[in-house]
Amino acid sequence: MSQALFTYTLRLADDILILSQRLGEWCGHGPILEEDIALTNRALDHLGEARNLLTYAGQVEGKGRTEDDLAYLRMERQYTSVKLVEQPNGDYAHTMVRSFLFDAYHLPLMQALTKSKDEQLAAIAGKSVKEATYHLRASSEWIIRFGDGTEESHQRAQAALDNLWTFTGELFENDLVLEEMTKAGIAPDMTAVKAAWSKTIDEVLAEATLKRPEDGFMATGGRKGLHSEHMGFILAEMQHVTRAYPGVSW
Amino acid sequence: MTDVKNLEDIFQAKIDAEQKIEPKDWMPDAYRKNLIRQISQHAHSEVVGMLPEGNWISRAPSLKRKAILLAKVQDEAGHGLYLYSAVETMGTSREQTIDDLLSGKAKYSSIFNYPTLTWADIGAVGWLVDGAAIMNQVMLCRTSYGPYARAMVRICKEESFHQRQGYEIMAVLAKGSPEQKEMAQDALNRWWWPSLMMFGPTDANSPHSAQSMKWKIKRQSNDELRQTFIDRTVQQAEVIGLTIPDPDLKWNEETKHYDWGTIDWTEFNNVVAGNGPCNKERLAARNKAHNEGAWVREAAVAYAAKKAKRKAA
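These figures come from a predicted structure and were not determined experimentally. (Residues numbered from 1 in each chain as written. Chains lettered and ligands numbered in written order. Predicted model: local features only at pLDDT ≥ 70, side-chain atom pairs only at ≥ 80, totals over all residues. Heavy atoms only, no water.)

**Student:** Would you mind showing me how to read the overall build of chain B here?
**Tutor:** Across its full length, chain B holds 13 helices and two strands. Over its C-alpha atoms chain B spans a radius of gyration of 21 Å, differing by no more than 12% from the 20 Å that the globule rule assigns to 313 residues. Across its three principal directions, the C-alpha atoms of chain B cover 70 × 50 × 35 Å. Within chain B, buried positions represent 55% of all 313 residues. In chain B, the share of contacts with a sequence separation of at least 24, taken over all contacts with a separation of at least 6, comes to 77%. Accessible area for chain B stands at about 14,300 Å²; split by element, carbon and sulfur atoms hold 55% of it. Of note, chain B has its 41 positive side-chain charges centred 9 Å away from the centre of its 39 negative side-chain charges. (Helix = DSSP H or I, 4+ residues; strand = E, 2+ residues; numbered from the N terminus. Rg over C-alpha atoms; globule rule 2.2 N^0.38 Å. Buried < 20%, exposed > 50% of the residue type's maximum accessible area, 1.4 Å probe, protein only. Contact = heavy atoms within 4.5 Å. Areas by Shrake-Rupley, 256 points an atom, 1.4 Å probe, with all protein chains shown as cover. Lys, Arg positive; Asp, Glu negative; His and termini not counted. Charge placed at Lys NZ, Arg CZ, Asp CG, Glu CD.)

Here's what the structure looks like:
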């Protein structure tokens, strides 16, 4: 049970940590100053949630690992994030579509997790719901602006959707860890989360006049530590200072 | 024509009486021009300043430091926004102001043309660069133009948090491993003199200062502010066991200030003239963000127009 809870908590943490790392790359390079602030704020919210989850994962594991041990001293094969969040920022449409696809999953997941039988996860989710609500509102608004804005923005948004759609299947993959957590009342019923996700996607894309891609081949592997080649570079950059000076305080 | 003379007298009397000048008040053209230049330079400095610090967000050595740095750089963007708004109160649009930065016509603080090479540079930038900026900004909270003064009050609160977090990074490094201490000392060595240059030319070589002081845009001279900064910072360095890279630095019992060496003004002039280590990169990064963001801004405008039209229909 505690092994499954550790893995489950780590998955939640890794998704949001890697997405935060990607979003942080935009800082100082956004398309307009207000968006620079919004993206950095989003990165900061995700990082805050990741830190709470990593700290809790370390406690569940019981080997004395801290949030930093888990973030900085695991290699790519030990990271359990979905492949969606490690995808490169690309243009602003790619960044916003990536966040939109994630936010539409993250909000109902966090809402459901507030009722988790695990009190700590429920508390962390309770704190995240407020942030996740405005993240989804903001990314939905951009998808609508892009889709129903100019011809160029429409094309860019549709291209981003078509490119990233293959990474959405992984958000709802089932396996033994999730089954055990769901049975224990710790993880929520993911069919309900998926239904909520799908409804948001349909509503927002309809208003944006964008086409929902067909469910074709879905990428997989992230939960088992089988990532794209991007992941090694993300971690190399994130971890290099910490690893170069082992055992010190910062 | 006596009217203008009268208006100038009323304007100066207001300033002498410590009343704020507000956007709709009459003001001399030169006052307006001077402020537009100064506030827009200040705004650009906040925005360009995001680049050397943003450079370390992906590599901050702990998650706590990463969170603090993200929050700090986000604050700088916010400062840029207030200041662009303050410029708009003087009748210059944000687009025009930003275009002047992108074309290289407008200046920003030269300090941001230096590179952040190691993690300790993030400490040094907070401690020294924000520390030097605060000296100036605290003075500007009392500047004569109302919108600028009010923006500065808010900015100062955040900047003092920035300065403290930078100093704390340095303190932790200085009492850490020998390698960490070396990293901190190296950063101090590189950032010390450029930080002193931030206060601008010496009073003897600062031609606009007298007028700015009369209009109470500035209230303390470059040299006074620089000396206060040195006196304060030398003591802070001592507390954490780092050495200021100035062999001439010595306490003067008579003046109750530190005596110190000479700034290399050739270096200063070179960086101002565009030949600093990162001038080209900084401007290129701002231009790239602006150009690549054009379609995003266009989409937002087009969508807003469509929405307004549908609402009207």
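**Student:** Please clarify how the packing of helix α6 (residues 119-147) of chain A against helix α13 (residues 294-312) of chain B should be interpreted in this entry.
**Tutor:** Packed helix pairs are characterised by how far apart their axes lie and by the angle those axes make with each other. It is the contact of α6(A) with α13(B), at a shortest axis distance of 8 Å, that shows an interaxial angle of 85 degrees. It follows that α6(A) is roughly perpendicular to α13(B) by the angle criterion. Every residue of α13(B) that contacts α6(A) at Trp142(A), Ile144(A), Arg145(A) and Phe146(A) is listed here: Trp295(B), Val296(B), Ala299(B), Ala300(B) and Tyr303(B). Its residues assigned to classes, the contact of α6(A) with α13(B) comprises eight nonpolar, no polar and one charged. (Axes fitted to C-alpha atoms, helices over the stretch in contact; angles between N-to-C directions. Parallel < 35°, antiparallel > 145°, perpendicular 65-115°, else oblique. Nonpolar A, V, L, I, M, F, W, Y, C, P; charged D, E, K, R; others polar.)

**Student:** When you look at helix α10 (residues 230-244) of chain A in this model, what are you seeing that I'm missing?
**Tutor:** An α-helical turn contains 3.6 residues, so any two residues separated by three or four positions project in the same direction. In this model, α10(A) (15 residues) spans 21 Å end to end at C-alpha, consistent with the 21 Å of a helix rising 1.5 Å per residue. Of all the bends in α10(A), the greatest, near 45 degrees, is centred on Met238(A). Among the residues of α10(A), Met231(A), Ile234(A), Leu235(A), Met238(A), Gln239(A), Val241(A) and Thr242(A) are the ones counted as buried. Buried residues along α10(A) sit in contact with α1 (2-24), α3 (67-72) and α4 (83-86) of chain A together with α4 (63-88) of chain B. (Expected span 1.5 Å × (residues − 1). Bend = angle between axes of the 7 residues up to and from the residue.)

**Student:** What should I look at first to understand the layout of surface pockets in this one?
**Tutor:** Residue and element names in this part refer to chain B. Approximately 1,200 Å³ is the volume found for the largest pocket. Gln 41, Ser 109, Asn 136, Met 198 and Gly 200 are, among the 48 residues lining the largest pocket, the residues nearest its centre. In terms of residue count, helix α6 (residues 119-140) provides more of the lining of the largest pocket than any other element does, nine residues in total. In terms of residue class, the lining of the largest pocket is made up of 22 nonpolar, 17 polar and nine charged. (1 Å grid on protein atoms, 1.4 Å probe; cavity = no way out; pocket = protein on both sides within 12 Å on 5 of 7 lines; lining within 4 Å. Points joined across faces, edges and corners; volume = space filled by probe spheres on them.)

**Student:** Would you mind going over the pattern of salt bridges with me for this structure?
**Tutor:** Residue and element names in this part refer to chain B. One pass over the full model with this rule turns up 31 salt bridges over all chains. As a salt-bridge pair, Glu 22 and Arg 150 come within 2.8 Å of each other at their nearest N and O atoms. Placement of Glu 22 in the loop between α1 (2-16) and α2 (29-48) and of Arg 150 in helix α7 (residues 146-174) is noted, with a sequence separation of 128 residues between them. Of the residues examined, Arg 150 reaches a relative accessible area of 48% and is grouped as partly exposed. Residue Glu 253 is joined to Lys 256 by a salt bridge in which the shortest nitrogen-to-oxygen separation is 2.3 Å. Members of the salt-bridge network, linked through shared partners, are Glu 53, Lys 72, Glu 76 and Asp 130. (Salt bridge = Lys/Arg side-chain N within 4 Å of Asp/Glu carboxyl O.)

**Student:** Would you explain a nonpolar patch on the surface in this entry?
**Tutor:** On the surface, a cluster of nonpolar side chains totalling about 330 Å² of accessible area is made up of Val4(B), Leu7(B), Ile10(B) and Trp26(B). Inspection of the secondary structure assignment puts Ile10(B) in helix α1. (Patch = residues over 30% accessible without salt bridge, like charges linked within 9 Å, V, L, I, M, F, W, Y side chains within 5 Å.)

**Student:** Explain the nonpolar core here, please?
**Tutor:** Here is a general trend for soluble globular proteins: nonpolar side chains tend to be buried in one another's company. If you look at the biggest cluster of nonpolar residues, it comprises 171 residues, and the most contacted ones within it are Tyr8(A), Leu101(A), Phe146(A), Tyr31(B) and Trp119(B). With 13 residues, the top contributor of residues to this core is helix α5 (residues 92-113) of chain A. Not counting residues within four places of it along the chain, the set of residues in contact with Leu101(A) comprises Leu84(A), Leu161(A), Leu164(A), Trp165(A), Thr168(A), Leu171(A), Trp197(A) and Ile201(A). (Core = buried A, V, L, I, M, F, W, Y, C linked by side-chain atoms within 4.5 Å.)

**Student:** Looking at this structure, I do not really get the interface of chain B and chain A. What am I missing?
**Tutor:** Tallying the contact residues gives 46 residues for chain B and 47 residues for chain A. Interface area for chain B against chain A, summed over the two sides, is near 4,000 Å², with a carbon-plus-sulfur share of 68%. Counting the contacts that link chain B with chain A gives three salt bridges. In this structure, the salt-bridge partner of Asp148(A) is Arg310(B), at a minimum N-O distance of 2.7 Å. (Buried area = accessible area lost by both parts, 1.4 Å probe.)

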